[in-house]
Amino acid sequence: MAKVTLTIDGIGVMAEPETTVLQAALAADVYIPHLCYHPDLRPAGVCRVCMVEVEGRGLVPSCLTPVAEGMTVSTESPQVDKVRRVAVELLLANHPEDCLTCGKNNRCELQRIAAYIGIDRKQLGRFRRSKEPIPIDTSNPFFNRDMNRCILCGICVRTCEELQGTCAINYVNRGYKAVTAPFGNEPIAESNCEACGECVVRCPTGALSCKGFQEPTREVRTVCPYCGVGCGIRLGVRGGKIVSSQGDPQSLANHGRLCVKGRFGHDFVNHPRRLTKPLVRKQGELVETDWDEALGLVAEKFTQHKGKQFAAIASAKCTSEENYVAQKFTRAVMGTNSIDHCARL
Ligand code: SF4
Ligand code: SF4
Ligand code: SF4
Ligand code: FES
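Now for a description of the structure that goes with this document. (Residues numbered from 1 in each chain as written. Chains lettered and ligands numbered in written order. Predicted model: local features only at pLDDT ≥ 70, side-chain atom pairs only at ≥ 80, totals over all residues. Heavy atoms only, no water.)

**Looking at the packing of aromatic side chains**
The description of an aromatic ring pair rests on the distance of the ring centres and on the angle between the ring planes.
Point 1. What the rule picks out here adds up to five aromatic pairs.
Point 2. An angle of 75° between the planes, with centres 6.1 Å apart, marks the rings of Tyr-226 and Phe-268 as edge-to-face. Of this pair, Tyr-226 sits in the loop between strand 10 (218-223) and strand 11 (232-238) while Phe-268 is found in the loop between helix 6 (260-264) and strand 13 (279-282), placing the two residues 42 residues apart along the sequence.
Point 3. For Phe-268, a relative accessible area of 30% translates into the label partly exposed. (Phe/Tyr/Trp six-rings, centres within 6.5 Å; stacked < 30°, edge-to-face > 60°. Helix = DSSP H or I, 4+ residues; strand = E, 2+ residues; numbered from the N terminus. Buried < 20%, exposed > 50% of the residue type's maximum accessible area, 1.4 Å probe, protein only.)

Here it is as structure tokens:
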């Protein structure tokens, strides 16, 4: 289908017909602040931070407005600035001011947009309302839920429903008491949440944040070692230790998404009790040895137990080729069909 031509801030932009003004602007490197839009999810249009002015139509939310041929869009004007500013000021008015101790400090979209607009948080007294502090839900072993920092953008709800298909959380309560929570506002650990962390990485504020997060000094692209899907991951490394794991958006296996194991299950690498050398039993005791001795011992045992005395279990951590070789060896060399594998860990 032919592309649509429109003008954004005086720049000629070509866009696919089904895209929105926000998507067209971002693709053309024109920044429009936005909080409830996420490229992986259907737009919800709830924050009103992405307002722009369209000639002949006035103010519209850019995340919900499809592009049209000949459209003229302004992302900056006195009216746009006013509604955008009020929308963010209302969000910030009763928001905790302790950014320095917040789990998302320097990674928070609300903080970034407030700075972009130039909002002075000390001037927000006129919007303040009294609000009971909400206890932080620390029940999940990997992330915390601090609903005092929630801006009700709904990204977590849509992520859990549209991407994860779990529907563990939704809006509960009404008005000022509205929050996102599991059914019955129970602790998240008692819900059907699978702890994939997909909502946590998309949450634009510190409402959802990983426990003990440390900023990595570098990232290493690799493949998740847990199962045969082979998700692409970016391991964050700091001081020679793995401190974070992100899905690799360029991986065709997972398109940037991860399950609980791929996202939170890498602490075994640095665990002090992890076996890093082979052990062999000598006089009833397991003792450390080198690979030559360990593999030699296994090869020797193979010669003593053929046919029905032998069975093999391969692993989903291995490649398809390695598993093929394992079954070939078991059948052709050891003379048995007793070969199985663990499909997942
Ligand atoms: S969520 Fe963002 S704006 Fe709120 S306290 Fe944390 S860093 Fe600051
Ligand atoms: S928890 Fe985060 S993602 Fe969910 S609604 Fe609140 S701010 Fe948005
Ligand atoms: S961690 Fe995953 S399963 Fe749990 S609420 Fe978030 S998206 Fe849903
Ligand atoms: S990003 Fe458009 S309304 Fe929130």
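Okay, back to it.
**Focus on the nonpolar core**
Nonpolar side chains tend to gather and get buried jointly when the protein is soluble and globular.
Point 1. Core analysis: the biggest nonpolar cluster contains 20 residues, and Leu-6, Ile-8, Val-52, Val-67 and Val-73 have the highest contact counts within it.
Point 2. Counting only elements with at least two residues in this core, the list comes to strand 1 (4-8), strand 2 (11-15), helix 1 (21-27) and strand 3 (51-54).
Point 3. Element by element, the count of residues in this core is highest for helix 1, at four residues.
Point 4. Not counting the four nearest positions on each side in its chain, Ile-8 is found in contact with Val-13, Val-21, Ala-24, Ala-25, Val-30, Val-73 and Thr-75. (Core = buried A, V, L, I, M, F, W, Y, C linked by side-chain atoms within 4.5 Å. Contact = heavy atoms within 4.5 Å.)

**Considering the site of ligand 3**
Point 1. All residues in the neighbourhood of ligand 3 are listed as Phe-143, Cys-160, Ala-168, Ile-169, Cys-193, Glu-194, Ala-195, Cys-196, Gly-197 and Cys-199.
Point 2. Looking at the shell around ligand 3 residue by residue, the class counts come to eight nonpolar, one polar and one charged. (Near = heavy atom within 4 Å. Nonpolar A, V, L, I, M, F, W, Y, C, P; charged D, E, K, R; others polar.)

**Examining the pattern of salt bridges**
Point 1. Enumeration over the complete set of coordinates arrives at 16 salt bridges.
Point 2. Of the charged contacts, one joins Lys-3 and Glu-16 as a salt bridge, the two residues approaching to 3.7 Å between their closest N and O atoms. Here Glu-16 lies in the loop between strand 2 and helix 1 and Lys-3 lies in the segment before strand 1, a separation of 13 residues in the sequence.
Point 3. The class for Lys-3 is partly exposed, based on a relative accessible area of 44%. (Salt bridge = Lys/Arg side-chain N within 4 Å of Asp/Glu carboxyl O.)

**Observations concerning the sheet that holds strand 2**
Point 1. Pairing within the open sheet is mixed, and its five strands lie in the order 2-1-5-3-4. At either margin of the open sheet sits one strand with a lone partner, and together these are strand 2 and strand 4 (58-61). Neighbour to neighbour, the strand axes of the sheet diverge by 35° on average, direction disregarded.
Point 2. In this sheet, strand 5 (residues 72-74) lies alongside strand 1 in parallel orientation, the contact comprising two bridges. Residue Ile-8 lies in a different strand from strand 5, and its bridge partner there is Val-73.
Point 3. Those strands touched by helix 2 (residues 78-93) are strand 3, strand 4 and strand 5, and its axis lies near 160° from that of strand 3. (Pairing = 2+ DSSP bridges. Axes fitted to C-alpha atoms, helices over the stretch in contact; angles between N-to-C directions.)

**Describing the pairing of strand 4**
Point 1. Pairing analysis gives four bridges linking strand 3 to strand 4, with the strands arranged antiparallel. Residue pairing for strand 4: Glu-53 is matched across the bridge by Leu-59.
Point 2. A loop of three residues connects strand 3 with strand 4, the two strands running antiparallel in sequence, and Gly-56 in this loop sits at a positive phi of about 85°.

**Observations concerning the site of ligand 1**
Point 1. What surrounds ligand 1 is the set His-95, Pro-96, Cys-99, Cys-102, Asn-105, Cys-108, Gln-111, Arg-121, Arg-149, Thr-205 and Gly-206.
Point 2. By residue class, the composition of the shell around ligand 1 is four nonpolar, five polar and two charged.
Point 3. Built from parts of two domains, the shell around ligand 1 gets at least three residues from each of domain 1 (4-127) and domain 2 (130-213). (Domains from an automatic or database assignment.)

**A word on unusual backbone geometry**
Point 1. Here Asp-29, not a glycine, exhibits a phi torsion of approximately 60°, which is positive.
Point 2. You can see Asp-29 is positioned in the loop between helix 1 and strand 3.
Point 3. With relative accessibility at 74%, the residue Asp-29 sits in the exposed group.
Point 4. With a phi close to 60°, Ala-195 is a non-glycine residue in the positive phi region.

**Structural notes on the environment of Arg-331**
Point 1. Along the chain, the position of Arg-331 falls in helix 8 (residues 320-333).
Point 2. Separated by 24 residues in sequence, Arg-331 and Gly-307 have C-alpha atoms that sit 8.9 Å apart.
Point 3. With sequence-adjacent residues up to four places away left out, Arg-331 is seen in contact with Thr-336, Asn-337 and Ile-339.

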